[in-house]
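# Architecture at a glance
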Amino acid sequence: MKIITLAIRYMKKLILGILILTTSTFSLGQSDECGTIMTKEDNAIIRQLIASVKTRNFNKAFGDTIVPVKFHIIGYSNGASAIDSASVFNELDLVNSYYTNAGIEFQHCGNIEYINDDEYADFEKYTDEVLCQSNDVDNVLNIYFAPYLYKISNGDTTGLCGYAYSFGVAFNRILMKNSCATNGSTLPHEIGHYFSLAHTHSTSAGDELVNGSNCSTAGDELCDTPADPQLSTSIVNSSCIYTGTAQDANGDFYNPEARNIMSYSRKSCRDLFSPNQYTRMHTYLINYRNYLICPSTVSIEENNSNGNFSITPNPASGEAFIVMENSLIDANYSILDITGKLLFSGKLPQQNKINITKYINQIGVYFISINTSSSSITKKLIKY
């Protein structure tokens, strides 16, 4: 087993050496790809999202919902090549500036985890995710930073800037290559995938036409992001202007947005999301990522089967109710906000349905607890 492990490490080093020597641009992080993959099944979920997005007011100011993140910094066994922690926190501040209009604020959960291991510093997609399986924090967006990031497919090795998991996958995980992690747009790009956004040039749902006639069912399935022929540094100049001459199936010339964060434009050009992208991310957070919580903020316990309850509806846009399965004597209930601040506490009334709307009138995340002398149950409520 030891010989096999050593052989695997040797092959990884050999592959990375060839990759770096043969493609010098990889060291700059400019030609590396995004490794996030979206399938036809993913697009089915996107279409469900669009149905709910259409009912929302794009001009509505979303209330901030805190999303906890956990940084895992990978270096070599001697600690070399680990990314500087100050730089990733600075990048998180930039990310927050991009996501304000989506009603999302990212906060780091606990302490940074440092992983010094030669085996994983040269990180291969899929193969090396055994490391993540044992280090991911539950219900938190885990972001790993590695000196090198790549994938092998059909014998070909491709450098990656980053990748994320979005639809239909239980992982709350993003992988980042160090040289791309603080360039101002790759981390926001991968987080966009995590919150359901497709590439603006996506073709998994079909090719989007320039005239916009199929914008809701093709491309990224959003109609305020123009059709994109797949941008690159060769067709976007240093002034962030598209210089390509590609035409769509109707013969119309593309006029894409070269500044959109979800494009493959120059990384230095990408600095905006569209209104519909903001709305989709907020909708996805409220409906699909509503379990995210830093374990150190509020402890969620369910250790009393005799006093179980539900919160309905959840998520809630209007009234919200505690619905008791059994009546309890001498029990109390309390309502806390996302930071753990107590908003209300009182004796549990002898009724099965309790209206708690007046205590949760702001958009955000809340925690409802029912406590007896011997047990406690806490559940999470999303208000939007």
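Located above this text is the structure these notes cover.
Right, let's walk through the structure included here. (Residues numbered from 1 in each chain as written. Predicted model: local features only at pLDDT ≥ 70, side-chain atom pairs only at ≥ 80, totals over all residues. Heavy atoms only, no water.)

### Focus on the overall build of the chain
Put simply, the rule reads: Secondary structure follows DSSP: runs of H or I at least 4 residues long count as helices, runs of E at least 2 residues long count as strands, and numbering of each begins at the N terminus. Each residue gets one of three labels from its accessible area relative to the maximum for its type: buried under 20%, exposed over 50%, partly exposed in between, using a 1.4 Å probe on protein chains only. Any two residues whose heavy atoms approach within 4.5 Å are treated as being in contact. Only the protein chains shown count as covering a residue, and every accessible area follows the Shrake-Rupley method with a 1.4 Å probe.
If you tally the helices and strands in the chain, you get eight helices and 16 strands. Put simply, the chain has 384 residues, and 50% of those count as buried. For the chain, restricting intrachain contacts to residue pairs at least 6 apart in sequence, the fraction spanning at least 24 positions comes to 70%. Accessible surface, the chain: about 17300 Å² in total, of which carbon and sulfur atoms supply 49%.

### Let's talk about the packing of aromatic side chains
To be explicit about the condition: Classification of ring pairs uses Phe, Tyr and Trp, with its six-membered ring standing for Trp, and accepts pairs whose centres are within 6.5 Å; under 30 degrees between planes counts as stacked, over 60 as edge-to-face, and the remaining range as tilted.
For the structure on display, the rule yields twelve aromatic pairs. Between Phe106 and Phe195, the aromatic rings sit 6.3 Å apart at their centres with planes inclined by 55°, giving tilted as the arrangement. Here the residue Phe106 occupies a position in strand β3 (residues 104-108), and Phe195 occupies one in the loop between α7 (186-194) and α8 (275-288), the gap between them amounting to 89 residues. Per residue, the accessibility class of Phe106 equals that of Phe195, and both read buried. Aromatic rings pair up to connect Tyr99, Phe106, Tyr194, Phe195, Phe273 and Tyr278 into one cluster.

### Topic: the sheet that holds strand β10 (residues 309-312)
What counts is decided by this rule: Strands are treated as partners if at least two bridges between them are detected by DSSP. Geometry is summarised by axes, namely lines fitted to C-alpha atoms with helices restricted to the contacting stretch, and by angles between N-to-C directions that run from 0 to 180 degrees.
The antiparallel open sheet is built from three strands, whose spatial order is β10-β11-β14. Because the sheet does not close on itself, it has two edges, and the strands there are β10 and β14 (353-355). Each strand axis lies, on average, 20° off the axis of its neighbour in the sheet, ignoring direction. In this sheet, β14 lies alongside strand β11 (residues 321-324) in antiparallel orientation, the contact comprising three bridges. Within β14, the position partnered with Val323 by the bridge is Lys353.

### Let's talk about unusual backbone geometry
A cis amide bond, omega -10°, links Thr312 with the succeeding residue Pro313. Following the sequence through the fold, Pro313 ends up in the loop between β10 and β11. In this chain, Asn314 is followed by Pro315 through a cis amide linkage whose omega measures 5°. Topologically, Pro315 is positioned in the loop between β10 and β11. Of note in this structure, Asn139 is not a glycine but carries a positive phi near 60°. By secondary structure assignment, the location of Asn139 is in the loop between α5 (130-135) and β6 (141-146). Positive phi, close to 65°, is recorded for Glu221, a residue that is not glycine. Its place among the elements puts Glu221 in the loop between α7 and α8. Of the residues examined, Glu221 reaches a relative accessible area of 2% and is grouped as buried.

### As for the environment of Cys161
Tracing the backbone shows Cys161 in strand β8 (residues 156-164). For Cys161, a relative accessible area of 3% translates into the label buried. Considered as a pair, Cys161 and Tyr150 are eleven residues apart in the sequence and their alpha carbons are 8.1 Å apart.

### Considerations on the nonpolar core
As a reminder of what qualifies: Buried Ala, Val, Leu, Ile, Met, Phe, Trp, Tyr and Cys residues that are joined via side-chain atoms within 4.5 Å together make up what is termed a nonpolar core.
Membership of the largest hydrophobic core comes to 35 residues, with the highest contact counts inside it found for Tyr99, Phe106, Ile143, Phe145, Phe195 and Phe273. At the level of elements, β2 (65-75), α3 (85-99), β3, β6, β9 (173-177), α7 and α8 are the ones that each hand at least two residues to this core. Broken down by element, this core gets its largest block of residues, five residues, from α3. Setting aside chain neighbours within four positions, we find Phe195 in contact with Val67, Ile104, Phe106, Arg280, Met281, Tyr284, Leu285 and Arg289. Grouped together as the second largest cluster of nonpolar side chains are 20 residues, Ile311, Tyr333, Ile335 and Ile370 included.

### Comments concerning the sheet that holds strand β13 (residues 342-347)
Taken in spatial order, the four strands of this open sheet run β13-β12-β15-β16, and their pairing is antiparallel. At either end of the open sheet lies a strand with only one pairing partner, and these are β13 and β16 (376-383). Strand-to-strand twist across the sheet, computed as the mean angle between neighbouring axes with direction ignored, equals 15°. Pairing geometry for strand β15 (residues 364-371) and β16, over eight bridges, is antiparallel. Note that in β16 the partner of Tyr366 across the bridge is Leu381.

Remember that the coordinates give geometry; whether it matters functionally is a separate question.
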